[in-house]
Structure formats: structure tokens, C-alpha cells
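Residue-level listing of the chains:
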Amino acid sequence: MSRLPVNEIFETIQGEGQFTGMPAVFLRLQGCPVGCPWCDTRHTWEVEPEHQVDPERIIGVSGDRPIWAYYDEARLVALLTDGRYSARHLVITGGEPCLYDLTELTRLMHAAGWRCQIETSGCVEVRCDEQTWVTVSPKIGMKGGLTVLPQALERADEIKHPIATERHIEELDALLADQPLPRHPQICLQPISTKKRATQLAIDTCIKRNWRLSVQTHKYLEID
Ligand code: SF4
């Protein structure tokens, strides 16, 4: 068993990527060293001791707060499977959830009949149960100075790339050149911050390349 710093747990609809529209429980872990300039969860970057709270305080209350609480896998699984949630799809996100070994948590959740999805930047080794759906949203050249790891790309079931300009597509091409992708991931482009120009560029490129468009439907719907 290990301890995971949890920022929040809440039930909603998955807004983006392969499982768009799927009812899901989001488990947001605290901590991220990647440093994306457009990050909309900056409150998850640091695991500050003064922001540690009682585990009960982070359940079901969504918000941009830097608080976190330690949970071990057994306690998390007991909470997630005690009947309070209808969804059977767990999205483990952050922050950067792959800072932590998620093998035991995903193994136990699969044994309980759930599907697990991890959303990661690809800048940290992915450790999870084999059945887990891994969404890598590669963060290239960010302020934190980390690089996208071949291990993360090889483990990806989906590569969901945030784009604003042509430069971001060129970066993705360079990243994937000669990179083995044994799981044949779906490649999606996702316009950054639902901007109009980025959305049109993503549409045009997806049509040209037979890739998939991922829009952040939760932002249009104004839900968490
Ligand atoms: S990887 Fe995610 S949480 Fe971390 S800085 Fe980038 S967008 Fe924010």
C-alpha cells in the first residue's frame, strides 16, 4: 500500500477524448512539475504540508483549492465502491497522476468491475494495471523542463494533443517520428482553451490526417 495525495473526488461526465459523454468519477491527485502556461489546475502543482486536510474534506466538493489529503489504495477503493457513485469509470487525473505508482489502485478498481483511465502529460513513467486506458496528452517544451518519455508514449491508448498553432502540430510530428506505438493509440487534437482559431486548425488537420477531434465539451457545458 502507498499513500496518494488526493485533491478532490467528484462525479461528472467525462468531457474530452475517447470517453466523452461517459459518466465518470474523477480522482484528482495533487502535485505537478510540468508547468504548462495555460494550465487550468494550477492549484494542484504543489503538495504543501500546510494545505493537508482531513480526508473527508475533499470528497464531492469540486473547486480550485490547493488542499489535499492522503488516502491509501484500500481506503480509496472502499470509498469509490461503497455505492455512493453510479459511474463505473474512474478518471485518475491531476496535477500529474503518474508521479505516483497507480498499479495497485487500478488493479483493485478493475477487480471491482470498474474501468480506469489515466490522464497524463507523458513526462513521468506510467505505472498502472495492464487493463488501464492511458491517455497521454504530451506536454512538449514546458517551463518545468521535463521531456515526454518514450515509455509513456509506448503505453498510450490515446494521444490527445493540445494545440493552438501549426507549431504544436509540428512538435507532435517530431515527437512521434520513429517512436514505436505498440498499442496503436488513437491520435486526437484538442484546441487549447476552446479558442476559435485553434478549433478550426484542429478540425482541418484531423480531416486531413484522419485523426480525431477532441473538444473540451465540459467547458462549453460549463460543468466541472
Ligand atoms: S501537466 Fe496538466 S496539471 Fe500539469 S501543468 Fe500541465 S496542464 Fe497543468
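All values reported here derive from a predicted model rather than from experimental measurement.

## Thoughts on the side chain of H161
By secondary structure assignment, the location of H161 is in strand β7 (residues 158–163). Other than its neighbours up to four places away in sequence, H161 contacts P138, I140, H168, L172, C188, L189 and Q190.

## Some thoughts on the UniProt feature "binding site: S-adenosyl-L-methionine" (unreviewed entry) in the protein chain
What UniProt calls "binding site: S-adenosyl-L-methionine" (unreviewed entry) maps, in this numbering, to W38, C39, D40, G95, S137, P138 and K139. Positionally, C39 belongs in the loop between β2 (23–29) and β3 (69–72). The topology assignment puts K139 in the loop between β6 (133–136) and α3 (150–155). With residues near it in sequence (within four places) discarded, K139 still touches V34, C36, W38, S121, C123, V148 and P162.

## Considerations on the pairing of strand β5 (residues 115–120)
In terms of burial, β5 is a largely internal element, five of the six residues being buried. Direction of pairing for strand β4 (residues 89–93) relative to β5: parallel, over a ladder of four bridges. When the bridges of β5 are listed, V91 appears paired with Q117. Of the crossover connections in this fold, the one passing from β4 over helix α2 (residues 103–111) to the parallel β5 is right-handed. With four bridges joining them, β5 and β6 adopt parallel strand pairing. Note that in β6 the partner of E119 across the bridge is T135.

## Some remarks on the packing of helix α1 (residues 73–80) against α2
Two elements in contact, α1 and α2, have axes separated by 10 Å at closest approach and are oriented at 30 degrees. Once α1 is placed against α2, the crossing between them reads as right-handed. Taken together, the residues of α2 that come into contact with α1 (itself represented by E73, L76, V77 and L80) are E104, L105, L108 and M109.

## Quick look at a nonpolar patch on the surface
Together, I13, Y220, L221 and I223 give the surface a local cluster of nonpolar side chains, amounting to about 380 Å² of exposed area. As for its position among the elements, L221 is in helix α6 (residues 217–221).

## Notes on unusual backbone geometry
The peptide bond linking G94 to G95 adopts the cis configuration, its omega dihedral lying at 5 degrees. Looking at the element boundaries, G95 is found in the loop between β4 and α2. The backbone phi angle of D178 is positive, close to 65 degrees, even though this residue is not glycine. In this fold, D178 is placed in the loop between α4 (166–176) and β8 (186–191). With phi around 60 degrees, N210 is a residue other than glycine that occupies positive phi space. Tracing the sequence through the fold places N210 in the loop between α5 (196–209) and β9 (212–213). A residue is classified by how much of its surface remains accessible, and N210, at 69% relative accessible area, is exposed.

About the thresholds
- Residues numbered from 1 in each chain as written.
- Predicted model: local features only at pLDDT ≥ 70, side-chain atom pairs only at ≥ 80, totals over all residues.
- Heavy atoms only, no water.
- Helix = DSSP H or I, 4+ residues; strand = E, 2+ residues; numbered from the N terminus.
- Contact = heavy atoms within 4.5 Å.
- UniProt positions renumbered as here; feature names shortened; annotations may be inferred.
- Buried < 20%, exposed > 50% of the residue type's maximum accessible area, 1.4 Å probe, protein only.
- Pairing = 2+ DSSP bridges.
- Right-handed = clockwise from strand over helix to strand, strands pointing away.
- Axes fitted to C-alpha atoms, helices over the stretch in contact; angles between N-to-C directions.
- Left-handed = near helix turned anticlockwise from the far one by under 90°.
- Patch = residues over 30% accessible without salt bridge, like charges linked within 9 Å, V, L, I, M, F, W, Y side chains within 5 Å.
- Areas by Shrake-Rupley, 256 points an atom, 1.4 Å probe, with all protein chains shown as cover.
- Salt bridge = Lys/Arg side-chain N within 4 Å of Asp/Glu carboxyl O.

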